[in-house]
Each structure stands twice: as structure tokens, then as C-alpha cells.
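Below are the chains, spelled out letter by letter.
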Amino acid sequence: MISDESDTALSAVRTPALELALEQSHEVKAKVEEIADTLADTNRGVEEKIAAGATTISARSALKDNQAHEAKVVECAADLSDVTETLAHGISDLRETVDQLTQAQAALVTTQAALAAAHAAVDDAEHRALHDDATGLPNRTLFDDRAAHAIALAERHGWSVAIMFIDLDDFKAINDTHGHGAGDAALNAVAERLTECSREQDSVCRAGGDEFLFLLVDAGDDAQITRVARRIVACVSAPFDHANTQLRIVPSIGVAVYPRDGVTVSELVANADSAMYRAKSGEGNVEMFSAPLDR
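Everything in this summary refers to the structure shown in the same document. Everything numeric in this text was worked out from a predicted model, so none of it was measured.

**Looking at the overall build of the chain**
- When helices and strands are tallied, the chain shows nine helices and seven strands.
- For the chain, the residues scored as buried account for 34% of the 295 residues in total.
- Summarising the internal contacts of the chain: among those between residues at least 6 apart in sequence, 68% fall at separations of at least 24.
- For the chain, the accessible area works out to roughly 17,500 Å², and carbon and sulfur atoms hold 54% of it.

Shown next, in the form of C-alpha cells:
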């Protein structure tokens, strides 16, 4: 028996053998209908003779008719045998075709799975190339690209853009006292909190070690920027738990604003870094870049 799925495939694919079998079957059908009509005519003739009062019917005539009918029946039987043989070949061809289609479908599924895996590998490689392994934050390459895009928009729309350089005070002490596991936990806690403080259009980056960059798009005036920076200090400074111990880390933040403090990403980052070193004079300080003091 051919399965339902195979039947569907058989109906959708016709081989030359099946086309021939179909043509032959039509010819046999016509011959069978012709025999049936002839037999019906013969029967009517006999019935008419009987109705007319004939008491005898020519045996020779009846024999002749029977022989003619028998010859046509034999001919039809031979034709039907040919149709059956042709059909058998056609079904065999179709089964082979169905097998090939099944193999092709399996190969397609395998290929699609391989393509999906390849796409996933490419996506993973691209993500790794643009993100920090330890925290999952964008790396400096991605941050610089986003910052350059933000500056282009700011130039077009008259916005200000702020870049904050964030350094974690006494980070080395956490590593030395509680181990590098605690240091990694601190970096991840800071990354999560900086992300929570950012808007969709902003961006956060781990610049390396215990240093982070924060891109504030359409930043507003200095008072607005300072409020955001102090909120970041408060958020990052909140204690976090690690290995049944509460740890606390405090950031210092230096800020440079486009276009006043620089018109390129590298200028703004350098000036924010300079302001950050001035901020480290106390705990949790925020300092805006000031050219006369910082240069």
C-alpha cells in the first residue's frame, strides 16, 4: 500500500508510464462500452424475435455473435493486462520519485538547520566583537560608533550630547580583600545599574578595567546633566550582596559636553577623562570639564 502522503505525491507527479496507462484505460473503457452496446443490441434482437412468435433462433447466427463478442472480450482482457503492466511500472517510477522527494526534503531540513546554525554563529561572533565579555555591555568600538551617530544628530537638531567618564573608587581593594570573584560581581552590578539609569537612546560602555563610559543623548543643560550624573552615583553606590557579604563601591564621574567641550568622540572622551581625575579628589564626586582648569 502507498501511504496517504505518497498518494498526494502520486497525484501531483505524473510519469510518462502513468500517462500511457491513463490513455490505454480510456481506450479499454471505450471497447468495453462498445461490447456492452453490442450485447444489448443482440439481446434486443432476440427478444424481438421471440415477441414476434419465432420458435427457433439460428444456432449458427448465435454462435457467430458469441464468437465475435468473445473475441472482443479477449481483446479487452489483453488490453487491460497491458494497462495493468504499464500502471505497475508507473507506480514503481512514482515510488522512486517519492523516495527521491523524501530524501530531498530531508536534505533541505539538514541544510536549513546548518544555515540557522551558521547565522547564529555569525550573530554570536558579531555580538562578541562589539560587546564586553565580562559584563555584556557594548565595548569601546560600538560605543564610539553610537557616540559619533549621536553627535551627527545633535549637530542636525541643535542638541547637546554628554559623555561621562566613570571610574570606580578603590576597586582594587575589593579584589585584594574579597577576591577576583567579588571584583567581577562588582563590575556586573555596576553594569546593570548603569543600564537601569540609561534611556533607550543612551548607551553604556565598559572602557576597560574599572572604567565605564555613559553616553547621554539630547542631554539638556549642565544642571540637567549633573542631576543625571548624581543619580548614577547614588544608584551605583548602593550596597550589593556577594558571598553573604555586603559590598559597596563608589564612582567618580567626569563629564564633557558636545559641542562646548569637543566636537569629536575622542575629544569628548579625553576631556571627560580629565574631568574625572579632578572628581577623584573626593568620594562620589561629579565634575564638569572646564578648559582653563583641566588643560
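**Some remarks on the side chain of aspartate 169**
- Structurally, aspartate 169 is set in strand β1 (residues 161–169).
- A polar contact of 2.8 Å, which involves the side chain of aspartate 169, links it to the side chain of lysine 280.
- Ignoring anything within four residues of it in the chain, the contact list for aspartate 169 reads Ile249, Val250, Pro251, Ser252, Lys280, Gly282, Glu283 and Gly284.

**Digging into unusual backbone geometry**
- Put simply, tyrosine 258 and proline 259 share a cis peptide bond, and its omega is 5 degrees.
- Positionally, proline 259 belongs in the loop between β6 (250–258) and α8 (265–279).
- The phi angle at asparagine 244 is positive, at roughly 60 degrees, despite the residue not being glycine.
- With respect to the element layout, asparagine 244 can be found in the loop between β4 (240–242) and β5 (245–247).

**Focus: the pairing of strand β3 (residues 211–216)**
- Of all six residues in β3, five are buried; the element is thus mostly enclosed.
- Sheet analysis places strand β2 (residues 203–208) next to β3, joined by five bridges and oriented antiparallel. Bridging from a neighbouring strand, arginine 206 pairs with phenylalanine 212 of β3.
- Hairpin connection, β2 to β3: the antiparallel pair is bridged by two residues, and glycine 209 has positive phi, about 55 degrees.

**Overview of the sheet that holds strand β7 (residues 286–288)**
- Pairing is mixed across the open sheet formed by five strands, whose spatial order is β2-β3-β1-β6-β7. In this open sheet, the two edge strands, each paired with only one partner strand, are β2 and β7. Within this sheet the neighbouring strands show an average axis-to-axis angle of 20 degrees, counted without direction.
- Bridge count between β1 and β6: nine bridges; the pairing is antiparallel. Bridging from a neighbouring strand, phenylalanine 165 pairs with glycine 254 of β6.

**Section: the environment of asparagine 139**
- With respect to the helices, strands and loops of the structure, asparagine 139 is situated in the loop between α3 (59–130) and α4 (140–157).
- Residues asparagine 139 and leucine 213 lie 74 residues apart in sequence; the distance between their C-alpha atoms is 9.6 Å.
- Ignoring anything within four residues of it in the chain, the contact list for asparagine 139 reads Ala129, Leu130, His131, Asp132, Cys205 and Arg206.
- In this structure the side chain of asparagine 139 is engaged in a polar contact, spanning 3.2 Å, whose partner is the backbone nitrogen of threonine 141.

**A look at the packing of helix α5 (residues 171–178) against helix α6 (residues 180–197)**
- One way to put it is that α5 packs onto α6 with a least axis distance of 6 Å and a crossing angle of 140 degrees. In terms of axis orientation, α5 runs oblique to α6. Contacts between α5 and α6 pair Phe171, Ile174, Asn175 and His178 from the former with His180, Ala182, Gly183, Ala186 and Leu187 from the latter.
- Tallied by class, residues from the contact of α5 with α6 come to five nonpolar, four polar and no charged.

Calculation notes
Residues numbered from 1 in each chain as written. Predicted model: local features only at pLDDT ≥ 70, side-chain atom pairs only at ≥ 80, totals over all residues. Heavy atoms only, no water. Helix = DSSP H or I, 4+ residues; strand = E, 2+ residues; numbered from the N terminus. Buried < 20%, exposed > 50% of the residue type's maximum accessible area, 1.4 Å probe, protein only. Contact = heavy atoms within 4.5 Å. Areas by Shrake-Rupley, 256 points an atom, 1.4 Å probe, with all protein chains shown as cover. Polar contact = N/O pair within 3.5 Å; in protein donor to acceptor, adjacent residues only side chain to side chain. Pairing = 2+ DSSP bridges. Axes fitted to C-alpha atoms, helices over the stretch in contact; angles between N-to-C directions. Parallel < 35°, antiparallel > 145°, perpendicular 65-115°, else oblique. Nonpolar A, V, L, I, M, F, W, Y, C, P; charged D, E, K, R; others polar.

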